[in-house]
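# Summary of the model geometry
So you can see what is in the structure, the chains are spelled out below.
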Amino acid sequence: MSEEFYRMKRLPPYVIAEVNGMRAAARAAGEDIIDLGMGNPDLPPPDHVIEKLIEVAKKPDAHGYSQSKGIPGLRKAQANYYGRRFGVEVDPETEVVVTMGSKEGLASLATAITAPGDVVLAPNPSYPIHMFGFILAGATIRSVPTTPDEQYFRSLDRAMAFTVPRPSILVVNYPSNPTAETVDLAFYERLVAWAKENKVWVLSDLAYSELYYNGNPTPSILQVPGAKDIAIEFTSLSKTYSMAGWRIGFAVGNKQLIAAMSRVKSYLDYGAFTPIQAAACAALNGPQDIVEKNRQLYHKRRDVLVESFGRAGWDIPAPPASMFAWAPLPPALKDMGSLEFSKQLLTHAKVAVAPGVGYGEDGEGYVRIAMVENEQRLRQAARNIKQYLKSMGVNTPAKGAA
């Protein structure tokens, strides 16, 4: 009967769920699966964050309803983060709202500002919520590329010229999930000018702000003067502090969008558990050595992944940021398609990856590999994949071993 529901009919099949189901079945059968599919950090949060959670949870008055928009101390901590990291002044009362992860924040904002029939510009390939959040709210998606070049801006101009009704919202995500592409501040300056000229809201997903590997810190769109006139930005503690399951994120920026989102959230939830919010304050306000430590660890994993998979016969470009590699299928197996290739890797190499087509039709021909296993396991994955590629007749280097 569920196929008769309006919003269920608007949702395409969740392709990634097919591979997830196979992975779960294999593990239930006792198989050792090296899971590089989901971006689920395998590292613990800092000790002082866990200690703060325990401390506050022991207080008898900490277990009631919290605040939907976030406790004042946490909103202030996020405002301070923007000040020290980006040099951006933020009002914690009117320009910050705490979300249950950036995913919930994007969905709540879509509900708040989207009317049925609205057209939203979203990257393709993209993290599913960038499209599905608006599809659930009744909008129509027009895809734009992810690569931030001249073609990107030409596609924006074409969308404004030939789409009826004219698009009113643009979603951007850099460092990109899944492609790991990055942008500089000049890109955001041009984008803000374009958005103001075309009267378009810009929603920036900056969940991977601290995972960069080229020595150039990831910029925020809010660093552009006047960006808060048209932009809101989402960040998360999930990857920065290895707190994915805690579900703490933020929306920062335009007061009108923050107010609309806060109002919708007030109808939908009572906010995250207060001890978790207090512990999130400890993460943002406390020692920040964990941020650099995690960055270096993912950087090393990236190098091991690229090197060992390359020697196994699968050349993968080194991502400049994020915790993902966006890997083109080995040329000899490209016709297999990303979904079938992912299933084959799981079945024959015992390695789980995410099929690129699950992130949009332009993701076909790629898989997303998450760097969420240690270096030893990454090298084991490469050895397994090398054997699979040999079995498929794919040429592998004669010298060296993964």
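## Side note on the nonpolar core
Ranked by size, the top nonpolar core spans 55 residues in total, and within it Tyr152, Leu170 and Leu191 carry the most contacts. With residues near it in sequence (within four places) discarded, tyrosine 152 still touches Val144, Pro145, Thr147, Leu170, Val172, Tyr174, Phe187 and Leu191.

## Here's the deal with the sheet that holds strand E11 (residues 354-355)
Across the sheet, which stays open at both edges, the three strands sit in the order E9-E12-E11 with antiparallel pairing between neighbours. Each edge of the open sheet is held by one strand with a lone partner, namely strand E9 (324-328) and E11. Summarising the sheet, E9 and strand E12 (residues 366-370) pair through five bridges and their orientation is antiparallel. Bridge pairing in E12 links proline 328 to tyrosine 366.

## What to know about the side chain of serine 238
Note on placement: serine 238 falls in the loop between strand E7 (231-236) and strand E8 (249-253). Here serine 238 is in contact with Pro41, Met243, Ala244, Arg247 and Ile248, once residues within four sequence places are set aside.

## A short note on the confidence of the model for the protein chain
Put simply, the protein chain has an average pLDDT of 93, and 97% of its residues get 70 or more. The low-confidence segment residues 398-402, where pLDDT is below 50, has ten contacts with residues more than four positions distant or belonging to other chains.

## A few points about helix H10 (residues 274-285)
Spanning twelve residues, H10 covers 16 Å between terminal C-alpha atoms, matching the ideal 16 Å at 1.5 Å per step. Among the twelve residues in H10, eleven count as buried, and that is most of the element. Where H10 is concerned, the buried positions are Thr274, Pro275, Ile276, Gln277, Ala278, Ala279, Ala280, Cys281, Ala282, Ala283 and Leu284. Residues of H10 that are buried make contact with helix H3 (47-57), helix H4 (72-86), strand E2 (96-99) and E8.

What counts as what
Residues numbered from 1 in each chain as written. Predicted model: local features only at pLDDT ≥ 70, side-chain atom pairs only at ≥ 80, totals over all residues. Heavy atoms only, no water. Core = buried A, V, L, I, M, F, W, Y, C linked by side-chain atoms within 4.5 Å. Buried < 20%, exposed > 50% of the residue type's maximum accessible area, 1.4 Å probe, protein only. Contact = heavy atoms within 4.5 Å. Pairing = 2+ DSSP bridges. Helix = DSSP H or I, 4+ residues; strand = E, 2+ residues; numbered from the N terminus. pLDDT = per-residue confidence, 0-100. Expected span 1.5 Å × (residues − 1).

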